[in-house]
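# Geometric and topological summary
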Amino acid sequence: MNVRLITTLTFIMPILLMAQESPKAQKFGLEDCIAYALENATSAKNARLEERSAESKVKETVGIGLPQISGNLSAQRSPELSRYYAQYFPTPPGEEPSGFGPSDAEAQALGMQAGDVFAAQNFFQLKSSGDASLSIDQLIFSGSYIVGLQASNAYKDLAIKQKVKTEGDIKSDVAKAYFNVLINQDRERLFTANIARLDTLYRNTIELNKNGFAEQIDVDRLKVSLNNMKSEEQNIKNLNILSMRLLKFQMGYPLSEPMELAGTIDDVLSAPLGEISTDVTYANRPDYQVLMANKDLQELNLKNKYAEALPTIGAFANLGYNTQSPSFSGLFKTESSFSEQQGVGPDQWYNYSTLGVRLSWKIFTGTQRTFQIQQQKIELEKIENNINQFEQMIHVEVQEAALTLENALQRFEVQKENTALAENIFRITQLKYEQGVGSNLEVIEADSALKEAQTNYYNSLFAAIIAKIDLSMALGEN
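Residues numbered from 1 in each chain as written. Predicted model: local features only at pLDDT ≥ 70, side-chain atom pairs only at ≥ 80, totals over all residues. Heavy atoms only, no water.

Here the focus is the side chain of Lys-451. As for its position among the elements, Lys-451 is in helix 10 (residues 440-475). As a buried residue without a salt bridge, Lys-451 has its nearest oppositely charged side chain in Asp-447, at a separation of 4.2 Å. Those residues in contact with Lys-451 that lie beyond four places of it in its chain are Asn-194 and Met-229. (Helix = DSSP H or I, 4+ residues; strand = E, 2+ residues; numbered from the N terminus. Buried < 20%, exposed > 50% of the residue type's maximum accessible area, 1.4 Å probe, protein only. Lys, Arg positive; Asp, Glu negative; His and termini not counted. Salt bridge = Lys/Arg side-chain N within 4 Å of Asp/Glu carboxyl O. Contact = heavy atoms within 4.5 Å.)

See below:
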């Protein structure tokens, strides 16, 4: 029994341990992050839904030109039939009474004179009736329909261009968040190294103080600096967590799921930030393409107003059966209760049909169309003005982004050199202090200068990366 238990546990324990392990974090490079965001970000999903909606709009408009078929089935009962009004005239001599209205004897009894009006029972209508029909309409020509087809395709093109613009914005936001995480991770790594370096110096100073080669104030100064750095370390870790959450949010990645970045800051430094270009091609900007698509739609709106002046031609057909019966149940019978020999009667359903062509033409609309056309022309002119302004704005954005990148690259090179100098100064100052020819205060000042140089270095690096992304966006390269 014990052998079986041990054997069972041998197989079950590894499975239980694997189940208790936390899910392994996925590793993402920049392209992986962008690809994931384009698939899962909320704005990307909505852009794809808008494109699908535009495709449905095109098919809906096409459907207007297809046959429109509708059916109708009705059955009704009239307990009291309506009467019709007529005039009484005596039956001419030698003729049979018509059977409609009062007879001559009844009229005389009622005191009616020739020409008097009376309400007579409708003998041609039965109290129950039924009708089953099928109507078919087919559009033959409509100027508005033709323009509508063009507009629906233009609307679809607008949705596609808006999706491209959305994807470009997503790429930019994800790239900025991605590089921000890499820089913060490297800052945390370097800060941990600085703490370790200062802690080593602090311990060495304690030993020097014990041997009489350093004063207690030197130990206390280093202790204060070390405590301050440890306090700042948690802030940097929290900042790193927030930057990772921002990246997950931009990607549409679950915030509770672990994620790691495959890249490092070395990948950023090894890749050139690129040459500064100011060559502008308007069509490369997705937002410019959206503006041009809106112009196309407005031109079609204007064209549609002109098309409304054309006639509309359509064909129609009505096919059906109707019947009448003294009783409601008789509507659902097919046998004749009136004249079986002739095969006709009040309980029979008789077919009918109508075929025709319809032309409708709004010849005069009280000058409404004229002023509607003027309004559409004004809207088109406003869009053209916006396009001209946007073209000028693109040039301003490109020049500004290029200048910002140039300044950022210059600051980055300066801060890169300052960091190297600060590291060398700290190394020499520390060496002099350990050899007894330097002061502890100089070491602390050199350490503070190094931390400041490192902070400026990372800030300038991030600013240069952001400036490069902004320039690419301004040029429409994303």
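Next up on the list: a nonpolar patch on the surface. A cluster of nonpolar side chains, Ile-140, Phe-141, Ile-146, Leu-310 and Val-357, forms an exposed patch at the surface whose accessible area comes to about 450 Å². Using a relative accessible area of 52% as the deciding quantity, one classes Ile-140 as exposed. (Patch = residues over 30% accessible without salt bridge, like charges linked within 9 Å, V, L, I, M, F, W, Y side chains within 5 Å. Areas by Shrake-Rupley, 256 points an atom, 1.4 Å probe, with all protein chains shown as cover.)

Note on placement: Glu-391 falls in helix 9 (residues 368-434). We note that Glu-391 is buried and unpaired, the nearest opposite charge coming from Lys-295 at a distance of 8.3 Å. Apart from residues no more than four positions distant in its own chain, Glu-391 is found in contact with Tyr-282 and Tyr-288.

This paragraph deals with unusual backbone geometry. The phi torsion at Thr-367 lies on the positive side, around 65°, for a residue other than glycine. Here Thr-367 is to be found in the loop between strand 8 (350-360) and helix 9. On the basis of relative accessibility, which here comes to 40%, the residue Thr-367 falls in the partly exposed class.

Moving on: the pattern of salt bridges. If you walk through the whole model with that rule in mind, you get 16 salt bridges. Lys-163 serves as the salt-bridge partner of Glu-51, at 2.9 Å between the closest nitrogen and oxygen. Of the two residues, Glu-51 is situated in helix 3 (residues 42-64) and Lys-163 in helix 5 (residues 143-210); the sequence distance between them amounts to 112 residues. For the pair Glu-51 and Lys-163, one class covers both residues: buried. One salt bridge in this structure joins Asp-186 and Arg-189, with 2.9 Å as the shortest N-O distance. Residue Asp-186 and its partner Arg-189 are both found in helix 5; the two are separated by 3 residues, about one turn of the helix. Overall, Arg-189 belongs to the partly exposed group, its relative accessible area being 49%. Linked by salt bridges that have partners in common, Arg-285, Asp-287 and Glu-397 make up one network.

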